Amino acid sequence: MYRKLYAGGFWLNSQFQYDVNLMDRYTNTIFRLLDVVEKYVNGNATLLSKLTSEMKLLRNAEHDFGRVSVRNDRTFLPLGILLYLYSKKFKNIILT
């Protein structure tokens, strides 16, 4: 599971997420991230759907993830800080 967890962390890292060449080389990271998410949602289909929807927003830099301030900070702020600062919606999903 640790390899899957590390691969998931790699996929979620904003410093790597928007590097097209790097993500093309490591396409298997999305599968491992989904393995981790599916394991920890404990069969909660609603939560799984919300999380995968947020993953799409992150990947496509949509909504809060596409804001100018977020795009400018991608390369030097860790993902956790970006999520905390810019995505109230994501925080609400985790807290509910």
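Residues numbered from 1 in each chain as written. Predicted model: local features only at pLDDT ≥ 70, side-chain atom pairs only at ≥ 80, totals over all residues. Heavy atoms only, no water.

So, on to the packing of helix H4 (residues 29–40) against helix H5 (residues 45–60). Look at H4 against H5: their axes get within 11 Å of each other, and the N-to-C directions meet at 150°. Classified by the interaxial angle, the pair formed by H4 and H5 is roughly antiparallel. H5 is crossed by H4, and the crossing has right-handed handedness. Contacts between H4 and H5 pair Ile-30, Leu-33, Leu-34, Val-37 and Glu-38 from the former with Leu-48, Leu-51, Thr-52 and Met-55 from the latter. When its residues are assigned to classes, the contact of H4 with H5 shows seven nonpolar, one polar and one charged. (Axes fitted to C-alpha atoms, helices over the stretch in contact; angles between N-to-C directions. Helix = DSSP H or I, 4+ residues; strand = E, 2+ residues; numbered from the N terminus. Parallel < 35°, antiparallel > 145°, perpendicular 65-115°, else oblique. Left-handed = near helix turned anticlockwise from the far one by under 90°. Contact = heavy atoms within 4.5 Å. Nonpolar A, V, L, I, M, F, W, Y, C, P; charged D, E, K, R; others polar.)

Here we take up the confidence of the model for the protein. On average, the protein scores 78 in pLDDT, and the residues at 70 or more come to 75%. At the level of individual helices and strands, the protein shows its lowest average pLDDT in helix H8 (residues 88–95), which scores 51, and its highest in H5, which scores 90. (pLDDT = per-residue confidence, 0-100.)

Attention now goes to the pattern of salt bridges. Applying the stated rule across the entire model yields two salt bridges. When the shortest N-O distance is used, the salt bridge between Asp-35 and Lys-4 registers 3.5 Å. Of the two residues, Asp-35 sits in helix H4 while Lys-4 sits in helix H1 (residues 2–12), which places them 31 residues apart along the sequence. Classification of Asp-35 by relative accessible area gives partly exposed; the value is 30%. According to the relative accessible area criterion, Lys-4 is partly exposed, its value standing at 32%. For the salt bridge of Arg-67 with Asp-64, the shortest nitrogen-to-oxygen distance reads 3.7 Å. Residue Asp-64 is classed as partly exposed on the basis of its relative accessible area of 26%. (Salt bridge = Lys/Arg side-chain N within 4 Å of Asp/Glu carboxyl O. Buried < 20%, exposed > 50% of the residue type's maximum accessible area, 1.4 Å probe, protein only.)

The next thing to look at is the nonpolar core. With 12 residues, the main nonpolar core is built from Phe-10, Trp-11, Leu-22, Met-23, Leu-33, Val-37, Val-41, Leu-51, Met-55, Leu-57, Leu-58 and Phe-65. Residue assignment for this core shows that the elements contributing at least two residues are H1, helix H3 (20–25), H4 and H5. The leading source of residues in this core is H5, at four residues. Beyond its immediate stretch of four places on either side in the chain, Leu-22 contacts Phe-10 and Phe-16. (Core = buried A, V, L, I, M, F, W, Y, C linked by side-chain atoms within 4.5 Å.)

This part is about the packing of aromatic side chains. In the structure shown here, the tally under the stated rule is two aromatic pairs. With a centroid separation of 4.8 Å and an interplanar angle of 20°, the aromatic rings of Phe-10 and Phe-16 are classed as stacked. Overall, Phe-10 belongs to the buried group, its relative accessible area being 18%. Ring geometry for Phe-10 versus Tyr-26: centroids 5.4 Å apart, planes at 70°, classification edge-to-face. On the criterion of sequence distance, the pair formed by Phe-10 in helix H1 and Tyr-26 in the loop between H3 and H4 is long-range, its members being 16 residues apart. You can call Tyr-26 partly exposed: its relative accessible area is 33%. Members of the aromatic cluster, joined through ring pairs, are Phe-10, Phe-16 and Tyr-26. (Phe/Tyr/Trp six-rings, centres within 6.5 Å; stacked < 30°, edge-to-face > 60°.)

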